[in-house]
Amino acid sequence: DLLPSYAGLSPELQRLVLFTQGKMNFNHGWFVQGEAPPGAMLSKFSEVLRSDGAKAEDVAFYFFHWFTDLAGAEGTPMGGAEKFVLKFPR
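A quick note: this is a predicted structure, and the numbers were derived from the prediction, not measured.

Criteria and thresholds
- Residues numbered from 1 in each chain as written.
- Predicted model: local features only at pLDDT ≥ 70, side-chain atom pairs only at ≥ 80, totals over all residues.
- Heavy atoms only, no water.
- pLDDT = per-residue confidence, 0-100.
- Helix = DSSP H or I, 4+ residues; strand = E, 2+ residues; numbered from the N terminus.
- Polar contact = N/O pair within 3.5 Å; in protein donor to acceptor, adjacent residues only side chain to side chain.
- Phe/Tyr/Trp six-rings, centres within 6.5 Å; stacked < 30°, edge-to-face > 60°.
- Buried < 20%, exposed > 50% of the residue type's maximum accessible area, 1.4 Å probe, protein only.
- Salt bridge = Lys/Arg side-chain N within 4 Å of Asp/Glu carboxyl O.
- Core = buried A, V, L, I, M, F, W, Y, C linked by side-chain atoms within 4.5 Å.
- Patch = residues over 30% accessible without salt bridge, like charges linked within 9 Å, V, L, I, M, F, W, Y side chains within 5 Å.
- Areas by Shrake-Rupley, 256 points an atom, 1.4 Å probe, with all protein chains shown as cover.

(A) Inspection of the confidence of the model for the protein at higher detail. Per-residue confidence for the protein averages 77 on the pLDDT scale, and 76% of its residues sit at or above 70. No element of the protein has a lower mean pLDDT than helix α6 (residues 82-85), at 63, and none a higher one than helix α1 (residues 4-7), at 91.

This is the structure:
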């Protein structure tokens, strides 16, 4: 397989990864910073929630993924918290 880590997941976890990584075309960073129109950003998100039968846990995992992505945006682990305290969009 091309992605052995993905192939080793259960079908339910594969579905969750696909939900968070491949279907929404939703960039939370753009949305939070007002870089994209809300209708364009949320329409696909809403469509995926309705058509794919997403669960509350799926959405929670997506936002957890976004949170960890943002936390890792800084190169220094000890200074990573600065992103939330000093550099977070206001």
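(B) Focus on the side chain of Asp58. Considering the arrangement of structural elements, one finds Asp58 in helix α5 (residues 56-71). A polar side-chain atom of Asp58 sits 2.9 Å from the main-chain amide nitrogen of Lys55.

(C) Spatial organisation of the packing of aromatic side chains. Here the structure, examined in full by the defined rule, presents two aromatic pairs. Consider the rings of Phe45 and Phe63, whose centres lie 6.3 Å apart with planes at 75°: the pair is edge-to-face. With Phe45 in helix α4 (residues 38-51) and Phe63 in helix α5, this pair connects stretches of sequence that are 18 residues apart. For Phe45, a relative accessible area of 11% translates into the label buried. By relative accessible area, Phe63 is classed as partly exposed at 31%. Between the aromatic rings of Tyr62 and Phe63, the centroid separation amounts to 5.4 Å while the plane-to-plane angle is 75°, which identifies the pairing as edge-to-face. Taking the relative accessible area as the measure of exposure, Tyr62 reaches 4% and is therefore buried. Linked through ring pairs, Phe45, Tyr62 and Phe63 together constitute an aromatic cluster.

(D) Seen up close, the pattern of salt bridges. Scanning the model with the defined rule gives four salt bridges in all. A salt bridge links Lys44 to Glu47; the shortest N-O distance between them is 3.6 Å. Linking Lys44 with Glu47, this pair stays in helix α4, spanning three residues, or about one helical turn. Under the relative-accessibility criterion, Glu47 is labelled partly exposed at 41%. Counted as one network, the salt bridges with shared partners bring together Glu12, Arg15, Lys55 and Asp58.

(E) Up close: the environment of Val48. Residue position: Val48 is located in helix α4. Take Val48: its relative accessible area is 3%, and that puts it in the buried class. Spatially, the C-alpha atoms of Val48 and Met24 are 6.5 Å apart, while their sequence positions differ by 24 residues.

(F) Summary view of the nonpolar core. With eight residues, the main nonpolar core is built from Phe19, Met24, Phe26, Ala36, Met41, Phe45, Val48 and Tyr62. Here this core takes three residues from α4, the largest share from any one element.

(G) Looking closely at a nonpolar patch on the surface. Judged by side-chain polarity, Phe31, Val32 and Leu42 come together as a nonpolar surface patch covering roughly 200 Å² of accessible area. Inspection of the secondary structure assignment puts Val32 in helix α3 (residues 28-32).

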